[in-house]
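# Architecture at a glance
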Amino acid sequence: MTANWAAFTTAEPDLARTVEKRFGAFTHHILATLRKDGSPRTSGLEVRFLGGELWLGMMPGSLKALDLRRDPRFALQANPGEGTGMGGGDVRISGRAIEVHDGETKAGYVEEVEPPEPFHLFRTELTEVVRTYVEDDTYLVVQVWTPGAPLRTIKRA
């Protein structure tokens, strides 16, 4: 089961705001894709939250774009920032990336983002959103959301 960003925002508005804030704190984040041989590839990436979707834009012919064309599964981790504080916690999103070929959709993205052209554009279908943070300098808290299920919160001392 998957959901777009709007569905996640509707299901868990507080967590969605926190996730967007973490991604908004820095420009570059880490995308994990799968190579032809199944081994992982990590790459830097900028992301955008626009029109109820989480978008991934990439340079033409980039290895990460070719990976996603072959196997759309991805994991995306927000830049943790400087030092060890990780204000707002560690945030990860997993799902599938679907390449957009529709000219009108790409034109709308260009209007908002002004990326260098040509480019690959992928919209995402989420399978999991995870936030990990420290509470009261005592507990490690893990929040896990998956489509169609309630938010799970796990606390460890």
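The structure under discussion appears in the preceding block.
Here we summarise the structure given alongside this text. Here the structure is a predicted model, which means the values were calculated and not measured. (Residues numbered from 1 in each chain as written. Predicted model: local features only at pLDDT ≥ 70, side-chain atom pairs only at ≥ 80, totals over all residues. Heavy atoms only, no water.)

## Details of the overall build of the chain
Broken down by element type, the chain carries 4 helices and 9 strands. Taken from N to C terminus, the helices and strands of the chain fall in the order α-α-β-β-β-β-α-β-β-α-β-β-β. Its C-alpha atoms give the chain a radius of gyration of 16 Å, within 12% of the compact-globule value 15 Å for 157 residues. Viewed in the frame of its principal axes, the chain has a C-alpha envelope of about 50 × 30 × 30 Å. (Helix = DSSP H or I, 4+ residues; strand = E, 2+ residues; numbered from the N terminus. Rg over C-alpha atoms; globule rule 2.2 N^0.38 Å.)

## What about the packing of aromatic side chains?
Aromatic ring pairs are described here by two measures, namely the spacing of the ring centres and the angle between the planes. This model, assessed by the stated rule, comprises 6 aromatic pairs. A centroid spacing of 6.1 Å and a plane angle of 55° characterise the contact between Trp-55 and Tyr-109, whose relative ring orientation is tilted. One end of the pair, Trp-55, is in strand β4 (residues 53-58); the other, Tyr-109, is in helix α4 (residues 103-113), and 54 residues separate them in sequence. Residue class for Trp-55 comes out buried when judged on its relative accessible area of 9%. In this structure Tyr-109 comes out as buried when scored by relative accessible area, which is 8%. (Phe/Tyr/Trp six-rings, centres within 6.5 Å; stacked < 30°, edge-to-face > 60°. Buried < 20%, exposed > 50% of the residue type's maximum accessible area, 1.4 Å probe, protein only.)

## Considerations on the side chain of Thr-124
Relative to the elements of secondary structure, Thr-124 occurs in strand β7 (residues 120-135). Among the polar contacts made by the side chain of Thr-124, one reaches the main-chain carbonyl oxygen of Leu-54 at a distance of 3.0 Å. Thr-124 has contacts with Ala-3, Asn-4, Glu-53, Leu-54, Leu-56, Phe-74 and Arg-96, leaving out every residue within four places of it along the chain. (Polar contact = N/O pair within 3.5 Å; in protein donor to acceptor, adjacent residues only side chain to side chain. Contact = heavy atoms within 4.5 Å.)

## Thoughts on the pairing of strand β8 (residues 139-145)
Along β8, 5 of the 7 residues are buried, which leaves the element largely enclosed by surrounding structure. As judged from the 7 bridges shared by β7 and β8, these two strands associate in the antiparallel manner. Paired with Thr-132 across the strands is Val-142, a residue of β8. Linkage of β7 to β8, two consecutive antiparallel strands, is achieved through a turn of 3 residues, within which Asp-136 is found at a positive phi near 55°. Sheet topology note: the β8/strand β9 (residues 152-156) ladder contains 5 bridges and is antiparallel. Paired with Gln-143 across the two strands is Thr-153, which belongs to β9. Between the antiparallel neighbours β8 and β9 lie 6 residues, among them Gly-148 with a positive phi of about 80°. (Pairing = 2+ DSSP bridges.)

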